[in-house]
Amino acid sequence: MTLLERLRDAVGAAHVMSEGDLAAYEIDWRKRFAGKALAVVRPASTAEVARVVRLCAEHGTSIVAQGGNTGLVGGSVPDASGTQIVLSLARLDRVRSIDAANLTLTAEAGCVLQRVQEAAAHEGLMFALSLAAEGSCTIGGNLATNAGGTQVLRYGNARELCLGLEVVTAAGEVWDGLSALRKDNTGYDLRDLIIGSEGTLGIITAAALKLHPRPAAVLTAMATLPTLAAAVELLALAHATLGPGLTGFEIMNATSLGLVRRHFAALRQPLAPSPWTVLVEHSDFENEAHGAAALEALLGRALERGLIEDTAVASSLEQASAMWHLRESIPLAQATEGPNVKHDISLPASAVCAFVASTDTALQRAFPGVRLIDFGHLGDGNLHYNVQCPPGIDAAEFLRRHEHEINAIVFDAVGARGGSISAEHGIGALKRDELVARKSPVALAMMRSIKAALDPSGVLNPGRVLSPSATP
Ligand code: FAD
Ligand code: ZN
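Quick caveat, the model's predicted, so the values are computed rather than measured. (Residues numbered from 1 in each chain as written. Chains lettered and ligands numbered in written order. Predicted model: local features only at pLDDT ≥ 70, side-chain atom pairs only at ≥ 80, totals over all residues. Heavy atoms only, no water.)

Caption draft 1: Molecular detail of the environment of Met17. Examined against the element boundaries, Met17 turns out to sit in strand S1 (residues 16-17). Owing to a relative accessible area of 23%, Met17 belongs among the partly exposed residues under this scheme. In this structure the C-alpha to C-alpha distance between Met17 and Val168, which are 151 residues apart in sequence, comes to 22 Å. (Helix = DSSP H or I, 4+ residues; strand = E, 2+ residues; numbered from the N terminus. Buried < 20%, exposed > 50% of the residue type's maximum accessible area, 1.4 Å probe, protein only.)

Pasting the structure below:
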């Protein structure tokens, strides 16, 4: 029997798609990576995932795991060879259980993040991972990329929100590591090895997730600032004033919000354009009035010190979500404007201003008129420092000619200041060669040993994160 026939046997013919329009599975969200799958296979259970992996391993066919296909580094789509299987986890979409007393929830990998948030909310609890793609990204993808998002400064990234995993290994065995324990020191941490491995070490089929109490009130405000240095000072003041209540601190430069204004004119911007705008979120565990007073105190002190120029405090949930919507519309506004070079870098908060000042200058010198779309999670030192071509020229051509040079300028500056070239989106195909060029040889050798040990035949997402030659 051919592999496709055996796969049809394993999961049902309707769930092995090899003809027709498979673009939704073969092209990534940014439309920068377009591949061709031998088939898209949609198993419905962990046992079916294990069978699919065993069959592919027997036939020497490699597997690209896929959740919501919202990844930004080209790791979730097949290559152009037409020989890879896309293993979609979309049908593993059950919330298996919630243990309110233990503050945990166990969900299957294909559960859309928003559904997990809603299931937790239904119990009066909160799942604290939050990102703009939450309506379509999945828990499996979030963990495979160790996603960050907007609340990392308080609750940590996906890794910190995960207690246990169920994983199908490259040999098609099931590792049941779905423990919901907060303390477990029984040997190497396999969970943390799989988290962030981008489908190259194992297929996540379910996860035990950490929940948190829901705050009594969430207060949101925006403020404009003259400089990035003022934003960094405001962050320190917000930590000091709000303590653990500080759950969001996002910055946006004028160019970012300008693009939102151009492409989403219907979205009301509550403050006049300014070099920088911050969005601050405070979660209060007493009540609304207590929270509002804390936020007012922060803004009052910041005004007194001349850190901020103008403020807008949301007075309803609608206003708060409109503020977040502005922030979350920046990637779409950028995509609408045209192809661009995305960076998701992180730096120590103390190095952010010097990095932006010197890198802005270097890029402007090299490419006069280039537009710098700076926004992101300043609260955890993570900037989306994106580069859009000067207005009025062919963006695709600009990227083709200059992307490499732009990356060199940005990543050299990041490296010089002790930063990371990927704070949250991962390596995938997009940054693989940069990783090889920039990560320490000792770290790369350790990574290659791990890959060779867990996936000796290179069945799982080959050529992503590490080059294929990394596997014998
Ligand atoms: P996919 O895109 O399907 O896959 C991503 C990677 O994980 C691939 O390498 C894939 O092979 C692997 N994978 C997927 N599922 C599994 C599985 N079950 N087992 C093993 N491997 C698997 N990221 C952030 O960190 N923070 C943000 O704030 C953020 N904002 C975003 C906003 C937008 C508008 C978009 C489009 C993306 C954003 N992202 C952000 C990118 C982020 O990586 C994804 O949204 C999300 O974490 C990926 O989930 P997914 O289910 O779509 O995974
Ligand atoms: Zn982000």
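On we go from here.
Caption draft 2: Structural context of the pairing of strand S8 (residues 162-168). Among the 7 residues of S8, 7 are classified as buried, and the element is accordingly described as predominantly covered. With 6 bridges connecting them, S8 and strand S10 (residues 203-210) associate as antiparallel partners. Its bridge partner lying in S10, Val168 is registered against Ile203. Pairing geometry for S8 and strand S9 (residues 174-177), over 4 bridges, is antiparallel. Opposite Val168, over in S9, you have Val174 as the bridge partner. Where S8 folds back onto S9 in an antiparallel hairpin, the turn is made up of 5 residues, including Gly172, whose phi is positive at roughly 85°. (Pairing = 2+ DSSP bridges.)

Caption draft 3: The arrangement of the layout of surface pockets in detail. Its boundaries defined by the atoms lining it, the second largest pocket holds a volume of some 760 Å³. Lining the second largest pocket are 33 residues, and of these Gly196, Ile427, Leu435, Lys439 and Met447 lie nearest its centre. Counting residues per element, the ones that place at least two in the lining of the second largest pocket are helix H7 (190-194), helix H14 (395-416), helix H15 (432-438) and helix H16 (441-454). Looking at the lining of the second largest pocket residue by residue, the classes come out as 13 nonpolar, 11 polar and 9 charged. (1 Å grid on protein atoms, 1.4 Å probe; cavity = no way out; pocket = protein on both sides within 12 Å on 5 of 7 lines; lining within 4 Å. Points joined across faces, edges and corners; volume = space filled by probe spheres on them. Nonpolar A, V, L, I, M, F, W, Y, C, P; charged D, E, K, R; others polar.)

Caption draft 4: Focus on the packing of helix H9 (residues 254-263) against helix H12 (residues 330-337). Closest axis-to-axis distance for the H9/H12 pair is 9 Å, and the angle between their directions is 70°. On the basis of the axis angle, H9 is roughly perpendicular to H12. Of the two elements, H9 crosses H12, and the hand of that crossing is left-handed. Here H9 contributes Ser256, Leu259, Val260, Arg262 and His263 to the contact with H12, which in turn contributes Ile330, Ala333, Gln334, Thr336 and Glu337. Here the contact of H9 with H12 is composed, by residue class, of 4 nonpolar, 4 polar and 2 charged. (Axes fitted to C-alpha atoms, helices over the stretch in contact; angles between N-to-C directions. Parallel < 35°, antiparallel > 145°, perpendicular 65-115°, else oblique. Left-handed = near helix turned anticlockwise from the far one by under 90°. Contact = heavy atoms within 4.5 Å.)

Caption draft 5: Inspection of the coordination of the zinc ion (ligand 2) at higher detail. The coordination sphere of the zinc ion (ligand 2), as far as protein atoms go, consists of His377 (NE2), His384 (NE2) and Glu424 (OE), spread over 1.8 to 2.2 Å. Donor residues binding the zinc ion (ligand 2) come from one chain and are separated in sequence as H-x6-H-x39-E. You'll find His377 and His384 in the same group, each marked buried. (Donors = N, O, S within 2.8 Å, 3.2 Å for Na, K, Ca; no water.)

Caption draft 6: Fine view of the nonpolar core. The biggest cluster of nonpolar side chains holds 56 residues, and the ones touching the most others in it are Leu7, Phe127, Ile139, Leu143, Leu165, Ile203 and Leu209. Here this core gets 6 residues from one element, more than from any other, and that element is helix H3 (residues 46-59). Not counting residues within four places of it along the chain, the set of residues in contact with Leu7 comprises Gly12, Val16, Val41, Val52, Leu55 and Ile85. Residues Ala217, Leu242, Leu299 and Cys389 belong to the second largest nonpolar core, which totals 52 residues. (Core = buried A, V, L, I, M, F, W, Y, C linked by side-chain atoms within 4.5 Å.)

Caption draft 7: Expanded view of the sheet that holds strand S2 (residues 37-41). Within the open sheet, the 4 strands sit side by side as S1-S2-S4-S3. Their pairing is mixed. Taken across any chain shown, the strands that pair with only one partner, and hence form the sheet edges, are S1 and strand S3 (63-66). Bridge count for S3 against strand S4 (residues 84-88) is 4 bridges, and the pairing is parallel. In the sheet register, Ala65 faces S4, and the bridge partner there is Leu87. Packing of helix H1 (residues 3-11) onto the sheet brings it into contact with S1, S2 and S4, and relative to S2 it is tilted by some 5°. Of the strands in this sheet, S2, S3 and S4 touch H3, which is tilted by about 175° from S4.

Caption draft 8: Just the sheet that holds strand S18 (residues 382-388), in detail. On the basis of which strands lie adjacent, the open sheet formed by 7 strands has the order S15-S12-S14-S13-S17-S18-S16 and antiparallel pairing. Each having just a single partner strand, strand S15 (310-313) and strand S16 (344-346) make up the two edges of the open sheet. The average undirected angle you get between the axes of adjacent strands in this sheet is 20°. Two elements, strand S17 (residues 371-377) and S18, share 7 bridges in a ladder whose sense is antiparallel. Each residue of the ladder has a partner; that of His377, found in S18, is Asn382. Running at roughly 160° to S17, H12 makes contact with strand S13 (246-253), S17 and S18 of the sheet. Most of the contacts of helix H13 (residues 352-366) go to S18, to which it runs at about 10°, and overall it touches S16, S17 and S18.

Caption draft 9: A look at H3. Taking 1.5 Å per residue, 14 residues should reach 20 Å; H3 reaches 20 Å between its end C-alpha atoms and fits that length. Just past H3, the residue Gly60 takes up positive phi, approximately 65°. (Expected span 1.5 Å × (residues − 1).)

Caption draft 10: The arrangement of the site of ligand 1 in detail. Ala65, Gly67, Thr70, Gly71 and Thr138 are the nearest of the 35 residues found near ligand 1. In the environment of ligand 1, an oxygen atom lies 2.6 Å from a nitrogen or oxygen atom belonging to the side chain of Thr138. Contact distances for ligand 1 include 3.3 Å between a nitrogen atom and a backbone N or O atom of Gly149. Expressed as a share of its isolated accessible area of 970 Å², the protein-covered part of ligand 1 is 96%. Breaking the shell around ligand 1 down by element, the ones donating at least two residues are S3, helix H5 (139-144) and S10. In terms of residue class, the shell around ligand 1 is built from 13 nonpolar, 20 polar and 2 charged. (Near = heavy atom within 4 Å. Polar contact = N/O pair within 3.5 Å; in protein donor to acceptor, adjacent residues only side chain to side chain. Areas by Shrake-Rupley, 256 points an atom, 1.4 Å probe, with all protein chains shown as cover.)

Distances and angles like these do not, on their own, reveal function.
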